[in-house]
Amino acid sequence: MKKLFLALLFVTSSTLLVEAQTFDFKIDHFALVVEDSDVSADFYANILKLEETPHPDLKPGFRWFVVSGNSQIHLIEKEFAPFEKNKSMHLCLSTQDLDGMIAHLEKNNIPYWDWPGKENAVTLRTDGVRQIYLQDPDKYWIEINTAKH
């Protein structure tokens, strides 16, 4: 009986330790396979205004961009099987200057949509966050919204 009690105590305390553990994840990077890294890099640098950071090995076909802090977007030029780029699968960037971003997109003739799909429209979520969607040169969807972090 004592052995059973000790075994149950060990299992219970071990389970509690596992449940209490956290890993404190941060987003390091989001990688996108692109057809032409130079064309895509031009979009991420000049349209999204992200700062490029060098790939540590200086490999051709790899372009890295800083989003915020240590979070990055990695563009990787490789061949791969094409797939449908669905708006539900998207990268999301947040800014408090959505109107400035929209003006910048319009100045550069970059179309954007609201969630239902109306061109040059903004979605207002029930929590007050405004959002738009656009596509990069490889047709990946990007949401830009006003969520505060």
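A brief look at the structure comes next. (Residues numbered from 1 in each chain as written. Predicted model: local features only at pLDDT ≥ 70, side-chain atom pairs only at ≥ 80, totals over all residues. Heavy atoms only, no water.)

Here's the deal with the overall build of the chain
Quick note on the threshold: Only DSSP runs of H or I reaching four residues or more are called helices, and only runs of E reaching two or more are called strands; each is numbered from the N terminus. Buried residues are those whose accessible area, probed at 1.4 Å on protein chains only, stays under 20% of the maximum for their type, while exposed residues exceed 50% and partly exposed ones sit between those limits. Any two residues having at least one pair of non-hydrogen atoms within 4.5 Å are treated as being in contact. Note on areas: Shrake-Rupley with a 1.4 Å probe; residue coverage comes only from the protein chains shown.
Tallying secondary structure elements over the chain gives three helices and eight strands in all. Order of helices (α) and strands (β) in the chain, N terminus to C terminus: α-β-α-β-β-β-β-α-β-β-β. Split into buried and exposed, the 149 residues of the chain put 33% on the buried side. When contacts within the chain are restricted to residue pairs at least 6 apart in sequence, those whose partners lie at least 24 apart make up 52%. Per element, the accessible surface of the chain, about 10400 Å² overall, is 57% carbon and sulfur.

Digging into the environment of Val-39
With respect to the helices and strands, Val-39 occurs in helix α2 (residues 37-47). Overall, the relative accessible area of 45% leaves Val-39 in the partly exposed class.

As for the pairing of strand β3 (residues 62-68)
It is a general feature of regular strands that their side chains alternate between the two faces of the sheet. As a reminder of what qualifies: Only when DSSP finds a minimum of two bridges between them are two strands counted as paired.
Pairing of strand β2 (residues 51-53) with β3 involves three bridges; the strand directions are antiparallel. Residue pairing for β3: Thr-53 is matched across the bridge by Trp-64. Both β3 and strand β4 (residues 71-77) contribute to a ladder of six bridges, which runs antiparallel. Each bridged residue has a counterpart across the sheet, and for Trp-64 the counterpart in β4 is His-74. From the end of β3 to the start of β4, which pair antiparallel, there are two residues, and Gly-69 there has a positive phi angle of about 60°.

A closer look at the pattern of salt bridges
Our working definition: Should a side-chain nitrogen of Lys or Arg be within 4 Å of a carboxyl oxygen of Asp or Glu, the pair is scored as a salt bridge.
In total, this model carries five salt bridges according to the counting rule given. Put simply, Lys-26 and Asp-24 hold a salt bridge, and the shortest N to O gap is 2.8 Å. Across this residue pair, the class does not change: Lys-26 and Asp-24 are exposed. Between Arg-130 and Asp-99 there is a salt bridge, with its nearest N and O atoms 2.8 Å apart. Note that Arg-130 is positioned in strand β7 (residues 130-135) and Asp-99 in helix α3 (residues 98-107), a separation of 31 residues in sequence.

Comments concerning the layout of surface pockets
Test applied: A cavity here means a set of 1 Å grid points, computed over protein atoms only, where a 1.4 Å probe fits but cannot escape. A pocket is an open set with protein on both sides within 12 Å along at least 5 of 7 lines, and lining residues have an atom within 4 Å of a point. Grid points are joined across faces, edges and corners, and a volume is the space filled by probe spheres set on the points.
Estimates place the volume of the largest pocket at around 620 Å³. If you go around the largest pocket, you meet 24 residues; those closest to its centre are Val-67, Ser-68, Cys-92, Leu-93 and Ser-94. Where the lining of the largest pocket is concerned, the elements lending two or more residues are β1 (29-34), β3, β4, β5 (90-94), α3 and β8 (141-145). Tallying contributions element by element places β5 first for the lining of the largest pocket, with five residues.

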